[in-house]
Amino acid sequence: MMDVSLIPNVDSIEFGIGSSEKGNSLTTGKPRKKSMTSLYLKFFETAPDGKSRRCKFCKQSYAMSTATGNLGRHLNHHHPGYDRQSDTSEQVAGAIVPFKKPPTQVKPATVDFDHLNWLLLKWLIEASLPPSSLDEMLNRSFKFLNPLVKFWPKEKVQAVILEVFRSMREDIKASLEQINSKVSITLDFWTSCEQLYLMCVKCHWIDENWYPHKVLLDVCHIPYPFTGPEIFQVLIKVLKMYNIDNRVLSCTHDNSQHAVHACRMLSEKLDAQKAPFCYIPCAARALNLIIEDGLRTPKPILSKIREFVIQLNSSAEIPQDFKQIAITYQEGLWKLPLDASASWSGDYTMLDIVRKASNSMDTAIRKHEETFGSRGLLSSTEKSVINLLHSYFEPFYKITTNLCASKVQSIGLVLFFMDHVFEVIGACRDSCRNEWLKSAADDMATRTRSFNNHAYNSFTFMAAVLDPRIKRELIPESLNSEKNLEEARDHFSRHYSPNQFPCITNTYTGQDTDEVGVSFAEEIARKRRRASMISATDELTQYLTEPLVPIASDVLDWWRVNATRYPRLSVMARDYLAVQGTSVEPEELFSSKGDDIRKQQFSLPHMSMQPLMCIKSWLHCGYKFKYRGSLIDFDKLTEASVSANEIAGTIVEKKQK
């Protein structure tokens, strides 16, 4: 006989009533067939009256003679899911909690997996991760949430990224064709994890509304042997691709000899075409090397302090003790974690903590001797060295901070700061009594002179004087020569003559018209400006006779307001203020911000690096994400996903009710 009690939702056939529970056995004079043990009986108990069964969940009673099929119907109707509970016979009587009806199971909302893949693709680009990142863990994680999810294979992801790269590059080319000014380029180099020598080419210009633009043109592989000719050939190919090979005014390189050689070849090519061009070294890289020369001798002391700072940042207890100790010693309020990077900002933090909180540092080390031992304690000589370096390098820290915060790092501003660096080094050499520091200052001075020799020329003179904060008054003395001024006049006359700008007239008509409400003082001022212009030979002369504007002024805002006063000179200013003083963003070089960028540059394979870095840069510059000429609107994709989830949530709520 089949035991039908084992089949779900099928009532058991019972020919008699039997139970293993004590006191529930009934006998009659007539023989009966052996009763079957029902699956449902274990969910009922004998009531105190001994004549009925009582549900262990809701305490509802049934007569002993009730067929077990009725008991099954009771369980299915009032306690669905009862068969998934633990064995109730093991539960303590009276401790059973009525089983709550589980949420209605609803089929997941339909998901457009192409939408999901597009969103993941953008995430890959923003995070600068290779397509293989979609494999393994990420794929398994999504399938855990929805077994139906389908990722594009990495081959398709790579193909889509390349197609997006090509589509967006066409937009970059079209936008560059609309520029009616000269452009400047910057070069940066590094070696990847595949030991490939790579070059990053960026383009800079200022538009008619005096807004600066910067766009990454390409990330290129330089073939072996990575010398000047190879760099030159790849660079020319990039410039021709974007049709700007005849409009490049300057190139700022990374100070390497191979880059200098390539720029010299480019200069010779453009000179043959009668196109003005100059190339200059990166001031930020030069300044970073100058600082490293000064810190070479005390590097072991800085490493010792850095070990303390790393422990301070990683511990849970030590930071609280250090901050409390600093308050006790009146050594300032410290915001943790501190910068422990190997960049210049991290080095200066090491100097700063000893200069301002040496007692707190010593006390914290002694209190947590089991962590630090005695290796973190500095001797009086070491503290003296750190204090001396802090005073010496404080101007360098202020300069790098200003460069990082500057909206427009014009050549004039960069040379202004580098000239001050030379003054600081010279003052140290003249007054320093410590031989090691004097020797370091000599090395720093040598490197500074090398930068000046390569950066000072008539082009950088013109770029500097067109900065109304600098002009001739704040230009380094060795650059501010009459020869450079005459070359600037000649360049202005030949390349920015009225014949080249027929719509521009060398007048002040926009400012000389009579206006209602113009004060008498303003009338006098305008007369003097007209008289001054009559005696001036050209706009450049008139511009140089006016006083400097404050250093804190926005140079582009100044030209935006004064362009009508200097119509021809403003065109020249747009060209030359776009000349870059650095080939890399100062913040990426002097602070820990550059660590992540350098890790990505090293770890990404070239096949992924070129499209990923370019697309990411183009998106940040405001260009639209395109695939085969069609826009991909990620905001709408996200909104569609949110709407689908909201609809699914509404369905669940309705079914639960």
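Residues numbered from 1 in each chain as written. Predicted model: local features only at pLDDT ≥ 70, side-chain atom pairs only at ≥ 80, totals over all residues. Heavy atoms only, no water.

## Looking at the packing of helix H8 (residues 299-314) against helix H12 (residues 380-405)
Two elements in contact, H8 and H12, have axes whose closest approach is 11 Å; the angle formed by their N-to-C orientations is 100°. Regarding the angle of H8 to H12, the classification is roughly perpendicular. Counted together, Ile301, Leu302, Lys304 and Ile305 of H8 and Glu382, Val385 and Ile386 of H12 form the full contact between these two elements. When grouped by side-chain class, the residues that make up the contact of H8 with H12 number five nonpolar, no polar and two charged. (Axes fitted to C-alpha atoms, helices over the stretch in contact; angles between N-to-C directions. Helix = DSSP H or I, 4+ residues; strand = E, 2+ residues; numbered from the N terminus. Parallel < 35°, antiparallel > 145°, perpendicular 65-115°, else oblique. Contact = heavy atoms within 4.5 Å. Nonpolar A, V, L, I, M, F, W, Y, C, P; charged D, E, K, R; others polar.)

## Some thoughts on the pairing of strand E8 (residues 278-281)
The pairing of strand E7 (residues 248-253) with E8 spans four bridges and is classified as parallel. If you follow Thr252 over to E8, its bridge partner there is Ile280. Note on the crossover from E7 through helix H6 (residues 257-272) to E8: the handedness is right-handed. (Pairing = 2+ DSSP bridges. Right-handed = clockwise from strand over helix to strand, strands pointing away.)

## Structural notes on unusual backbone geometry
Here the amide bond leading from Tyr224 into Pro225 is cis, since omega sits at 10°, within 30 degrees of zero. Along the chain, Pro225 turns up in the loop between strand E6 (212-222) and helix H5 (228-241). Positioned with a positive phi, Phe226 is a non-glycine residue whose angle comes to about 65°. Relative to the helices and strands, Phe226 is located in the loop between E6 and H5. In this structure Phe226 comes out as partly exposed when scored by relative accessible area, which is 24%. (Buried < 20%, exposed > 50% of the residue type's maximum accessible area, 1.4 Å probe, protein only.)

## Comments concerning the sheet that holds E8
The strand order E6-E5-E4-E7-E8 describes an open sheet built from five strands, whose pairing is mixed. Both outer strands of the open sheet, E6 and E8, are each paired with one neighbouring strand and no more. Within this sheet the neighbouring strands show an average axis-to-axis angle of 20°, counted without direction.

## Topic: the confidence of the model for the protein
With 81% of its residues at a pLDDT of 70 or more, the protein shows a mean pLDDT of 82. This stretch, residues 1-36, has a pLDDT under 50; its non-local contacts, to residues over four places away or in other chains, come to 38 contacts. The low-confidence segment residues 502-514, where pLDDT is below 50, has 19 contacts with residues more than four positions distant or belonging to other chains. (pLDDT = per-residue confidence, 0-100.)

## Let's talk about the sheet that holds strand E3 (residues 61-63)
Spatially, E1-E2-E3 is the arrangement adopted by the three strands of the open sheet, whose pairing is antiparallel. The outermost strands of the open sheet, each flanked by one partner alone, are strand E1 (44-46) and E3. Each strand axis lies, on average, 35° off the axis of its neighbour in the sheet, ignoring direction. Relative to strand E2 (residues 52-55), E1 runs antiparallel, the two sharing three bridges. The residue bridging Thr46 from the neighbouring strand is Arg53, located in E2. Sitting on the sheet, helix H1 (residues 68-78) is in contact with E1, E2 and E3, with an inclination near 125° to E1.

## What to know about the pattern of salt bridges
Per the counting criterion, the structure on display carries 26 salt bridges. The closest approach of N and O atoms between Glu163 and Arg166, which form a salt bridge, is 3.5 Å. With Glu163 and Arg166 both in helix H4 (residues 154-177), this residue pair falls three residues apart, about one helical turn. Take Glu163: its relative accessible area is 22%, and that puts it in the partly exposed class. A salt bridge links Asp347 to Lys299; the shortest N-O distance between them is 3.2 Å. Pair noted here: Asp347 is in helix H10 (residues 344-367) and Lys299 is in helix H8, with a separation of 48 residues, a long-range link. Among the residues examined, Asp347 registers a relative accessible area of 5% and is labelled buried. Judged by relative accessible area, which is 33%, Lys299 ranks as partly exposed. Residues participating in the shared-partner salt-bridge network are Asp293, Arg296 and Arg447. (Salt bridge = Lys/Arg side-chain N within 4 Å of Asp/Glu carboxyl O.)

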